[in-house]
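# Structure assessment
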Amino acid sequence: MRKIYVVTLLLSLGIGFSWGFAAGTWNIFPYVHIHAVNWSIKNKVRTTGKEVTQFDLFKPQVDIVFVGDSITASGNWNDIFPDTKVANRGIGGETIQEISLRLDEIADLHPKAVFLMAGINDIYRFSRTNEIVSAFNNVVKYFEEKAVDVYLQSTLKCAQVVCGIERLHQIQEINSALQQIAEESNNTYYIDINQERSGSSGLHSELGKDGIHITPQGYVLWSNVLAPYVKKYSLQE
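In this report, the structure presented in the accompanying data block is examined. On a predicted model such as this, the values are computed, not experimentally measured, just so you know. (Residues numbered from 1 in each chain as written. Predicted model: local features only at pLDDT ≥ 70, side-chain atom pairs only at ≥ 80, totals over all residues. Heavy atoms only, no water.)

This paragraph deals with helix α11 (residues 165-184). With 20 residues, α11 extends 29 Å between its outermost C-alpha atoms, agreeing within 8% with the 28 Å of an ideal straight helix rising 1.5 Å per residue. Among all positions in α11, only Arg 167, Leu 168, Gln 170, Ile 171, Ile 174, Asn 175, Ala 177, Leu 178, Ile 181 and Ala 182 are buried. Where α11 is buried, its residues meet α8 (120-124), α9 (129-145), β4 (149-153), α10 (160-163), β5 (188-191) and β7 (202-203). (Helix = DSSP H or I, 4+ residues; strand = E, 2+ residues; numbered from the N terminus. Expected span 1.5 Å × (residues − 1). Buried < 20%, exposed > 50% of the residue type's maximum accessible area, 1.4 Å probe, protein only. Contact = heavy atoms within 4.5 Å.)

Turning our eyes to something else, we now look at the sheet that holds strand β1 (residues 64-68). The strand order across the open sheet formed by five strands is β2-β1-β3-β4-β5, and the pairing between neighbours is parallel. Unpaired on one side and paired on the other, β2 (86-90) and β5 mark the two borders of the sheet. Between one strand and the next, the sheet's axes are offset by a mean angle of 20°, whatever the strand orientation. Note: strand β3 (residues 113-117) against β4, four bridges, orientation parallel. In the strand pairing of β4, Leu 116 is matched with Leu 152. Sheet strands in contact with α9 are β3, β4 and β5, and its direction is about 160° off that of β4. (Pairing = 2+ DSSP bridges. Axes fitted to C-alpha atoms, helices over the stretch in contact; angles between N-to-C directions.)

Turning our eyes to something else, we now look at the packing of α9 against α11. One can describe the packing of α9 onto α11 by two numbers: an axis separation of 10 Å at closest approach and a directional angle of 30°. The angle between α9 and α11 falls in the class roughly parallel. Crossing of α9 over α11 shows right-handed handedness. Side by side, α9 and α11 meet where Thr 129, Ile 132, Val 133, Phe 136, Asn 137 and Val 140 of the first sit next to Gln 170, Glu 173, Ile 174, Ala 177, Leu 178 and Ile 181 of the second. The residue makeup of the contact of α9 with α11, split by class, is eight nonpolar, three polar and one charged. (Parallel < 35°, antiparallel > 145°, perpendicular 65-115°, else oblique. Left-handed = near helix turned anticlockwise from the far one by under 90°. Nonpolar A, V, L, I, M, F, W, Y, C, P; charged D, E, K, R; others polar.)

Let's shift gears to the nonpolar core. Among the nonpolar cores identified, the biggest contains 59 residues, and Phe 136 and Leu 226 are the most heavily contacted of them. Here this core takes eight residues from α9, the largest share from any one element. Excluding residues within four positions of it along the chain, Leu 226 makes contact with Phe 66, Trp 77, Phe 81, Phe 115, Gln 153, Ile 191 and Ile 193. (Core = buried A, V, L, I, M, F, W, Y, C linked by side-chain atoms within 4.5 Å.)

Our focus in this paragraph is unusual backbone geometry. When glycine is set aside, most residues are seen to have a negative phi, and most peptide bonds are trans. Here the phi dihedral of Ala 147 falls at roughly 60°; this positive angle occurs in a residue that is not glycine. Looking at the element boundaries, Ala 147 is found in the loop between α9 and β4. Judged by relative accessible area, which is 57%, Ala 147 ranks as exposed. A positive phi angle, near 55°, is found at Asn 187, a position not held by glycine. Note that Asn 187 resides in the loop between α11 and β5.

Summed over all chains, the structure comprises seven salt bridges. Note that Arg 102 and Glu 94 form a salt bridge whose closest N and O atoms lie 2.7 Å from each other. On the basis of relative accessibility, which here comes to 2%, the residue Arg 102 falls in the buried class. Under the relative-accessibility criterion, Glu 94 is labelled buried at 0%. A salt bridge links Arg 125 to Glu 98, with the nearest nitrogen and oxygen atoms 2.6 Å apart. One end of the pair, Arg 125, is in the loop between α8 and α9; the other, Glu 98, is in helix α6 (residues 96-99), with 27 residues separating them in the sequence. The same class applies to Arg 125 and to Glu 98, which are both buried. Residues participating in the shared-partner salt-bridge network are Glu 94, Arg 102 and Glu 105. (Salt bridge = Lys/Arg side-chain N within 4 Å of Asp/Glu carboxyl O.)

Pasting the structure below:
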């Protein structure tokens, strides 16, 4: 009897561990539900902007600032656009709501233009579309008052096999709203950066390292889309 109990216990632990590993690796049930509860308890917005960072200590005067999350942070923008004075102000894991808290440090660089791309982390923290769009709108209004051009880049689509159809639909809702914000604002422009990099199933597999972050080739395609807009601020112009 005791032997059966021990075997049953070990078997249960093994199944539980295996299921937990699979849930975390492939985001299957109950991964999404656990994270939904987690973010309903935790504050979705970190206190970004209040702590001292390198961004507070190094303030080059540039023409363009790239702003966003880890996807932007991983771009070697100075190498990509060597003829333009640029600064990278992307921070891994950030949401647009958190970005909206550190706009002063971006404005301190006195840029002529800001290229903004964010939103996926907000979605993964279960923020509602109206909350996300409102934060984007606040950022646009901030720079509008400072006569800084804002280029709202579409939130990059994730791969459906990784993030699911519901998140893809929310990304589309956000992008539609961003396009409308650009149309209704001064010195604000919308750029669809999903072209050539995604389809009906989201980000193309050969361009996404994990279905969300992009490969070097993904940055090549991205830079090709941005080049005509960046050229306006080129040192050679």
